Amino acid sequence: MPEIAFSGTLGLSKRVGVADAARKAINKRMTSVSDLICIGAIAGAFGVRGEVRVKSFTSDPASIEDYAPLATEDGSVSFDIELQREVKNGFAARLSGVETKEQADALKGIRLFVPRDRLPNLPDDEFYHSDLIGLNVFDTGGADLGRVKAVLNHGAGDLLEITLPNSSKTVFLPFTMAVIPTVDLSSGRIIADPPEGVLE
């Protein structure tokens, strides 16, 4: 299977300097949404014959069809997908069961998921964004810094958005080895060494 790398909050992050690599009907045995990884989204109808515009979040965008069937987040609907051609910001594609423009329009905004076990294993220091979101963050002395709300990338590398304890305020920490020396998924925690002034 091709390597997957996503951008934005849907993918994977690598803690090696700057990383822009990113990162149920399908599988009846799945027990929670955390077993699913988003690899694409439907941006609406394309034309009048039932095609949709699909945004792909895989490192090779055309490889999204290699992971079919793709499911909605709740697993209630799954689709086979056939890419027709490249278009601006994605692909024109055919989805199984979608025959009309009205059906295609109704799918606008739907995100497309696959079970985690269909994805390749990640090398050390690469993480799916879904694994990082929700982790508790502590400084090197053990003080609680908050919880990861989101993983963002605006072109200059991945940032962890941290919600501060007992607050709705958030701060951003670069996802680098210098600032985030430890990610311990098994214990659900991140150790951070924030630059001076970031948390003030």
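First things first, this report covers the structure right here in the doc.

How each quantity is defined
Residues numbered from 1 in each chain as written. Predicted model: local features only at pLDDT ≥ 70, side-chain atom pairs only at ≥ 80, totals over all residues. Heavy atoms only, no water. Pairing = 2+ DSSP bridges. Helix = DSSP H or I, 4+ residues; strand = E, 2+ residues; numbered from the N terminus. Buried < 20%, exposed > 50% of the residue type's maximum accessible area, 1.4 Å probe, protein only. Phe/Tyr/Trp six-rings, centres within 6.5 Å; stacked < 30°, edge-to-face > 60°. Lys NZ or Arg CZ within 6 Å of the ring centre and 35° of its normal. Axes fitted to C-alpha atoms, helices over the stretch in contact; angles between N-to-C directions. Core = buried A, V, L, I, M, F, W, Y, C linked by side-chain atoms within 4.5 Å. Contact = heavy atoms within 4.5 Å. Patch = residues over 30% accessible without salt bridge, like charges linked within 9 Å, V, L, I, M, F, W, Y side chains within 5 Å. Areas by Shrake-Rupley, 256 points an atom, 1.4 Å probe, with all protein chains shown as cover. Salt bridge = Lys/Arg side-chain N within 4 Å of Asp/Glu carboxyl O. Lys, Arg positive; Asp, Glu negative; His and termini not counted. Charge placed at Lys NZ, Arg CZ, Asp CG, Glu CD.

### Things to note about the pairing of strand S15 (residues 189-192)
Right, on to step 1. The pairing of strand S10 (residues 136-139) with S15 spans four bridges and is classified as parallel. If you follow aspartate 139 over to S15, its bridge partner there is alanine 192.
Right, on to step 2. In this sheet, S15 lies alongside strand S14 (residues 182-184) in antiparallel orientation, the contact comprising three bridges. In the strand pairing of S15, aspartate 184 is matched with arginine 189.
Right, on to step 3. Taking the residues that link successive antiparallel strands as the turn, the S14-S15 hairpin has four residues, and the phi of glycine 188 there is positive, at about 70°.

### Remarks on unusual backbone geometry
Right, on to step 1. With an omega of 5°, the peptide bond running from alanine 68 to proline 69 counts as cis.
Right, on to step 2. Tracing the backbone shows proline 69 in the loop between strand S3 (52-56) and strand S4 (70-71).
Right, on to step 3. A positive phi angle is found at asparagine 89, which is not glycine, with a value near 60°.
Right, on to step 4. Structurally, the position occupied by asparagine 89 is in the loop between strand S6 (81-87) and strand S7 (90-95).
Right, on to step 5. Among the residues examined, asparagine 89 registers a relative accessible area of 57% and is labelled exposed.
Right, on to step 6. Positive phi is not limited to glycine here, since asparagine 166 has a value of about 55°.

### What about the packing of aromatic side chains?
Right, on to step 1. For the structure shown, the criterion picks out one aromatic pair.
Right, on to step 2. Both rings, one in phenylalanine 127 and one in phenylalanine 175, keep their centres 6.1 Å apart while their planes meet at 70°; by these two values the pair is edge-to-face. Here phenylalanine 175 lies in the loop between strand S13 (170-174) and S14 and phenylalanine 127 lies in strand S9 (residues 126-128), a separation of 48 residues in the sequence.
Right, on to step 3. Overall, the relative accessible area of 9% leaves phenylalanine 127 in the buried class.
Right, on to step 4. The exposure class of phenylalanine 175 is buried, given its relative accessible area of 1%.
Right, on to step 5. Taking NZ or CZ as reference, arginine 189 lies 4.2 Å from the ring centre of phenylalanine 138, over its face.

### Here's the deal with the sheet that holds strand S11 (residues 144-153)
Right, on to step 1. Spatially, S13-S12-S11-S10-S15-S14 is the arrangement adopted by the six strands of the open sheet, whose pairing is mixed. Edge positions in the sheet fall to S13 and S14, since each of these pairs with one other strand and no more. Direction aside, the axes of adjacent strands within the sheet are offset by 35° on average.
Right, on to step 2. Sheet topology places strand S12 (residues 158-163) next to S13; five bridges connect them, and they run antiparallel. Bridging across to S13, isoleucine 162 finds its partner in valine 171.

### So, the nonpolar core
Right, on to step 1. With 21 residues, the main nonpolar core has Ile39, Val52, Val54, Leu70, Ile81, Leu95 and Leu119 as its most contacted residues.
Right, on to step 2. Counting residues per element, the ones that place at least two in this core are strand S2 (36-45), S3, S6, S7 and strand S8 (111-115).
Right, on to step 3. Beyond its immediate chain neighbours, meaning those up to four positions away, valine 52 contacts Ile42, Gly44, Ala45, Phe46, Phe91, Ala92, Ala93, Leu95 and Ala104.
Right, on to step 4. Counting residues in hydrophobic clusters, the runner-up holds 18 residues, among them Leu132, Val151, Leu160 and Ile190.

### So, a negative patch on the surface
Right, on to step 1. On the surface, Asp60, Glu65, Asp66 and Glu82 cluster together to form a negatively charged patch.
Right, on to step 2. Residue position: aspartate 66 is located in the loop between S3 and S4.

### Overview of the pairing of S3
Right, on to step 1. Along S3, the buried face is formed by Val52, Val54 and Ser56; none of Arg53 and Lys55, which line the opposite face, is buried.
Right, on to step 2. For S2 and S3, the ladder comprises five bridges, and the chain directions are antiparallel. In the strand pairing of S3, alanine 45 is matched with valine 52.
Right, on to step 3. Count of turn residues in the S2/S3 antiparallel hairpin: six residues, of which glycine 47 carries a positive phi of about 80°.
Right, on to step 4. Bridge count between S3 and S7: three bridges; the pairing is antiparallel. Its bridge partner lying in S7, valine 54 is registered against phenylalanine 91.

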